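For reference, the chains in residue letters:
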Amino acid sequence: MDRLEELVQRQAITDVLTDYCRLLDRMELADLAQLFTKDCEVAYGPDPRLTSTGRAALERSLARMWRWKRTAHHLSNVRVWFETDLLATAESAVFAWHEAADGSHAEMFGLYHDRFVRDEGVWRIARRRMEMAGSGGVFRVPIPPAHRAPPPKDWTAPDGLDG
Amino acid sequence: MDRLEELVQRQAITDVLTDYCRLLDRMELADLAQLFTKDCEVAYGPDPRLTSTGRAALERSLARMWRWKRTAHHLSNVRVWFETDLLATAESAVFAWHEAADGSHAEMFGLYHDRFVRDEGVWRIARRRMEMAGSGGVFRVPIPPAHRAPPPKDWTAPDGLDG
Amino acid sequence: MDRLEELVQRQAITDVLTDYCRLLDRMELADLAQLFTKDCEVAYGPDPRLTSTGRAALERSLARMWRWKRTAHHLSNVRVWFETDLLATAESAVFAWHEAADGSHAEMFGLYHDRFVRDEGVWRIARRRMEMAGSGGVFRVPIPPAHRAPPPKDWTAPDGLDG
């Protein structure tokens, strides 16, 4: 790809990531499923209720989001790496806010690790794996923790910075 | 528009959306009003105090934000659709944090629906309509709810995911 | 720079800003330090523990983040202004979530003011200065407040908007 082509395709991939968030908050799951390949493999975590293969299974699985009264998925930190003209890897962050039926709230700070493929000019997610930095409020979904390097053995916390 | 032109104009529109957030947090309302057309129609909600026509009225209306001690508007999920070289529609999401005079906080999860027009090379917002997914803390402003499809009649919540 | 070149370089700068957030949450500080120039001047605030000169000192200083169990830095509102082909200014916003060892949380709403220089084709941060709109939870780090214009003398708060 030349430089212009790469910018165009990067924007197309970013639009898919954005549309996922928009359509999830709107719960337009049939349209959302079209952002994925027919044989997509999606794992928000190892729990079987968070894992699906294929568009139809993904749509059924994401129906779980109706247990929330409302959600807001805010995407950021998008990085795209092209392997070929038809294959790319993407990483992005999501700040997801959820309102439960009783009015209580849940926040989640997640990472999407995606494999994109381009078919007939359209980029779709072929594989999605999710991790999270953490969560707050009533969030209890078992999404696995994101990688974080541990401190060196001789590390000591600075004094008084949080005082 | 060719592909390069479209990327350039999309970036220009994104910059306007970003500047709106920056200038609102800085409360530089005269500069902020310049991001809108002279005859702009802006409705953060149906309440007359949230509605204005024209730049000067928008500037006067947004002076209401001074009742917060501080705000932080974080933009994401930007989507732009061009109708012509001079006309575009945009949707974006905002996570807005507000600090009240007494130190209490209010969070809002909003959507901006914008109509952009280009005049003498400059994109401006001609019409803005706001919706929200919801809010937390002491936020009470009557912003209308964003669209969300209801579950099918036979939907049942999955067991134990939040346990 | 022509228009294509400017879009390409803007994306390269945005990627650096994004990688900073990704690598900080991963605590891969040696890689993070490579995003800065050798002689970088970084000030998250006037406190000496928040200030550093040079890559090695920055890496040592950011080791302070290990006092948090987890963090999530969500970047938004990126603006880039080119001065020359090799020099740019950028402003961006960050919503940073932190989890303390005892499980309590801290939120921070910050702004990065960056000076970028391009050397051998690579953009790096030569100077970073941070400000914040505010914070919530157990956040106590003395990051200086961002600029916000005060209301005019005759300003009065609208009635009932928050009721």
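For the structure itself, consult the block above.
Quick look at the structure, then. The structure presented is a predicted model; accordingly, all values stated were derived computationally and were not measured.

Thresholds, definitions, all that
Residues numbered from 1 in each chain as written. Chains lettered and ligands numbered in written order. Predicted model: local features only at pLDDT ≥ 70, side-chain atom pairs only at ≥ 80, totals over all residues. Helix = DSSP H or I, 4+ residues; strand = E, 2+ residues; numbered from the N terminus. Buried ≥ 20, exposed ≤ 12 C-beta atoms within 10 Å, placed from the backbone. Contact = placed C-beta atoms within 7 Å. Least-squares fit on C-alpha atoms with pLDDT ≥ 70 in both. Nonpolar A, V, L, I, M, F, W, Y, C, P; charged D, E, K, R; others polar. Pairing = 2+ DSSP bridges. Axes fitted to C-alpha atoms, helices over the stretch in contact; angles between N-to-C directions. Parallel < 35°, antiparallel > 145°, perpendicular 65-115°, else oblique. Left-handed = near helix turned anticlockwise from the far one by under 90°.

1. Notes on the overall build of chain A
Next up, step 1: On a plain count of helices and strands, chain A comes out with 3 helices and 6 strands.
Next up, step 2: Reading the helices (α) and strands (β) of chain A from amino to carboxyl end gives α-α-β-β-α-β-β-β-β.
Next up, step 3: Projected onto its principal axes, the C-alpha coordinates of chain A cover approximately 55 × 40 × 25 Å.
Next up, step 4: Counting all 163 residues of chain A, 38% fall into the buried class.
Next up, step 5: Sequence separation of at least 24 residues holds for 51% of the intrachain contacts in chain A that already meet a minimum separation of 6.

2. Some words on the relation of the copies chain C and chain A
Next up, step 1: It takes a turn of 120° to lay chain C on chain A, together with a shift of 0.0 Å along the axis; the resulting RMSD is 0.0 Å. This pairing of chains is accounted for by a three-fold axis.
Next up, step 2: Mapped onto chain A, only 13% of the interface residues of chain C are again interface residues, and the two copies thus contact each other with different surfaces.

3. Description of the interface of chain C and chain B
Next up, step 1: If you look at the interface, chain C gives 23 residues, while chain B gives 30 residues.
Next up, step 2: For the side of chain C that touches chain B, the secondary-structure elements that each account for two or more residues are α1 (3-26), β3 (68-84), β4 (87-100) and β6 (122-137) of chain C.
Next up, step 3: A per-class count over the side of chain C that touches chain B returns 13 nonpolar, 6 polar and 4 charged.

4. Description of the interface of chain C and chain A
Next up, step 1: Listed as interface residues are 30 residues of chain C and, on the opposing side, 23 residues of chain A.
Next up, step 2: Sorting the residues of the side of chain C that touches chain A by element identifies α1, β3 and β4 of chain C as the ones contributing at least two each.
Next up, step 3: The element best represented in the side of chain C that touches chain A is α1 of chain C, accounting for 10 residues.
Next up, step 4: When its residues are assigned to classes, the side of chain C that touches chain A shows 13 nonpolar, 6 polar and 11 charged.

5. Examining the sheet that holds strand β6 (residues 122-137) of chain B
All names here are of chain B.
Next up, step 1: Sheet architecture is open: 6 strands sit in the order β2-β1-β6-β5-β4-β3, paired in mixed fashion. The strands lining the two open edges of the sheet, one partner per strand, are β2 (51-53) and β3 (68-84). Across this sheet, the average inter-strand angle for adjacent strands is 20°, counted without regard to direction.
Next up, step 2: In this fold helix α1 (residues 3-26) packs onto β3, β4 (87-100), β5 (105-119) and β6, with an angle of close to 160° to the strand it touches most, β3.
Next up, step 3: Contacts between helix α3 (residues 55-62) and the sheet are confined to β1 (36-43) and β2, with β1 contributing the most and set at about 45° to the helix.

6. Here we look at the packing of α1 of chain B against α1 of chain C
Next up, step 1: Close contact between α1 of chain B and α1 of chain C brings their axes to 10 Å; oriented N to C, the two are set at 55°. When the axis of α1 of chain B is compared with that of α1 of chain C, the two are oblique. Relative to α1 of chain C, α1 of chain B is oriented so that their crossing is left-handed. In this structure, α1 of chain B uses Leu4, Leu7, Val8 and Gln11 of chain B to contact α1 of chain C, whose residues at the interface are Arg3, Leu4 and Leu7 of chain C.
Next up, step 2: The residue inventory of the contact of α1 of chain B with α1 of chain C, partitioned by class, reads 5 nonpolar, 1 polar and 1 charged.

7. Digging into the sheet that holds β4 of chain C
Hydrogen bonding along the main chain pairs the strands of a sheet, whether they run parallel or antiparallel.
Residues and elements named next belong to chain C.
Next up, step 1: Strands sit in the order β2-β1-β6-β5-β4-β3 across an open sheet of 6 strands; the sheet is mixed. Looking along the sheet, the strands with just one partner apiece sit at the ends: β2 (51-53) and β3. Neighbour-to-neighbour, the strand axes of this sheet turn through a mean angle of 20°, independent of strand direction.
Next up, step 2: Looking at chain direction, β4 and strand β5 (residues 105-119) are connected through 13 bridges and run antiparallel. Paired with Glu91 across the bridge in β5 is His113.
Next up, step 3: In the packing of helix α3 (residues 55-62) onto the sheet, contacts are made with β1 (36-43) and β2, and the angle to β1 comes to roughly 45°.

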